[in-house]
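# Coordinates in review
Listed below are the residues making up each chain.
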Amino acid sequence: MTVVETPPPLPVRDRTAQHVRAPGALSPMLIRLAEERATGVLVREHGTLHLAEGRVVHAESLLAPGLDVLLTARGTLDPAVWPWTDDIPAAAHRLLAAGLLPRGALELCRLGALYDAGYFALAPSSTPGRFRYGTTAAGPLPTVPVAALERETLRRRELLHRIWPDPSADGTPLIRADPVAPPPVTPRQRAVLDRVDGVRTAPQIARELGRPAFHTLVDVRRLAAAGLLAPRNTAPVPPPLPPVTDPDIALLKRLRDALEAL
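Residues numbered from 1 in each chain as written. Predicted model: local features only at pLDDT ≥ 70, side-chain atom pairs only at ≥ 80, totals over all residues. Heavy atoms only, no water.

## Section: the side chain of serine 61
Mapped onto the elements of the fold, serine 61 is located in the loop between strand E3 (55–60) and helix H3 (67–72). Residue serine 61 is classed as buried on the basis of its relative accessible area, which comes to 11%. Only 2.6 Å separates the side chain of serine 61 from the backbone oxygen of histidine 46, close enough to count as a polar contact. The contact partners of serine 61, leaving out residues within four places of it in the chain, are His46, Gly47, Ala117, Phe120 and Arg207. (Helix = DSSP H or I, 4+ residues; strand = E, 2+ residues; numbered from the N terminus. Buried < 20%, exposed > 50% of the residue type's maximum accessible area, 1.4 Å probe, protein only. Polar contact = N/O pair within 3.5 Å; in protein donor to acceptor, adjacent residues only side chain to side chain. Contact = heavy atoms within 4.5 Å.)

Here's what the structure looks like:
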């Protein structure tokens with residue numbers, strides 16, 4: 001009697017673990033820094049993340065209005081009393097110490113600004129990130145886990161894709177379209193559409209309105225899906241072709257003219 005040994009089962013990929021690790025695809029370096037509980041500044045192509053013991057304290061990007069703009073542009077805080085400093089945790093401490101804003105309101109606005117800038121900081125980049133170890137004060141407000149920031153960034157990407165899958169309007173100058181039967185727009189979308197002039201980009205419109213940049217991207221994608229705006233074609237216009245001087249072609253033209261005269 002021949003005994004046949006049963007081979008061991010093939011390894012099966014743990015899809016649960018893969019799902020848990022999925023946020024790390026945005027920035028493996030950031031995940032490693034979180035695991036190390038590192039403190040310092042991660043500089044990426046489109047933004048910067050400040051870490052304290054592996055958690056995000058502050059995020060900034062040229063594409064997203066800062067906390068100062070979000071608080072002062074629409075009258076939440078008098079610009080004269082904003083502590084003009086790049087140290088956002090220190091600014092938050094001064095605002096709370098002076099009683100200028102309730103803690104809950106400041107925390108909510110600060111989290112919105114952090115997630116807004118973090119969305120752009122974690123955008124795909126063509127250059128590697130750089131991390132500078134150093135000291136980063138956590139400040140008086142709660143810090144954000146790296147996993148939470150990456151999870152929210154992925155959620156926002158998926159939302160924009162569902163609204164309108166073409167991202168070309170996110171960062172290029174916008175122009176207004178003229179559909180035959182334009183659909184109605186909300187007052188919020190109207191404020192964005194009124195500032196579309198072929199020069200401004202969505203982040204510039206957000207800064208002018210004092211709104212989070214991601215919220216403006218949502219309005220821009222919806223307006224693009226409705227056919228009310230489009231990205232301006234910024235490709236250079238090709239130079240005109242030089243005049244034809246080939247003698248053979250000139251001869252053919254003369255023959256054509258002679259035949260037409262018969």
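## A word on the environment of leucine 51
Looking at where leucine 51 falls in the secondary structure, it is placed in strand E2 (residues 47–52). Separated by 92 residues in sequence, leucine 51 and threonine 143 have C-alpha atoms that sit 8.8 Å apart. Leucine 51 has contacts with Leu30, Leu33, Ala38, Thr39, Gly40, Val56, Val57, Phe131 and Thr136, leaving out every residue within four places of it along the chain.

## Examining the confidence of the model for the protein
For any part of a model where pLDDT is low, the fine detail of the predicted coordinates should not be relied upon. In this model, the protein carries a mean pLDDT of 84, and residues with pLDDT of at least 70 account for 83%. Low pLDDT, under 50, characterises residues 1–24; the stretch is placed with five contacts to residues that sit more than four places away or in other chains. (pLDDT = per-residue confidence, 0-100.)

## Things to note about the environment of arginine 37
The residue arginine 37 is located in the loop between helix H2 (28–36) and strand E1 (40–44) in this model. Judged by its relative accessible area of 54%, arginine 37 is exposed. Sequence separation between arginine 37 and glycine 54 is 17 residues; the distance between their C-alpha atoms is 3.7 Å. Not counting the four nearest positions on each side in its chain, arginine 37 is found in contact with Glu53 and Gly54. There is a polar contact of 3.1 Å between the side chain of arginine 37 and the side chain of glutamate 53.

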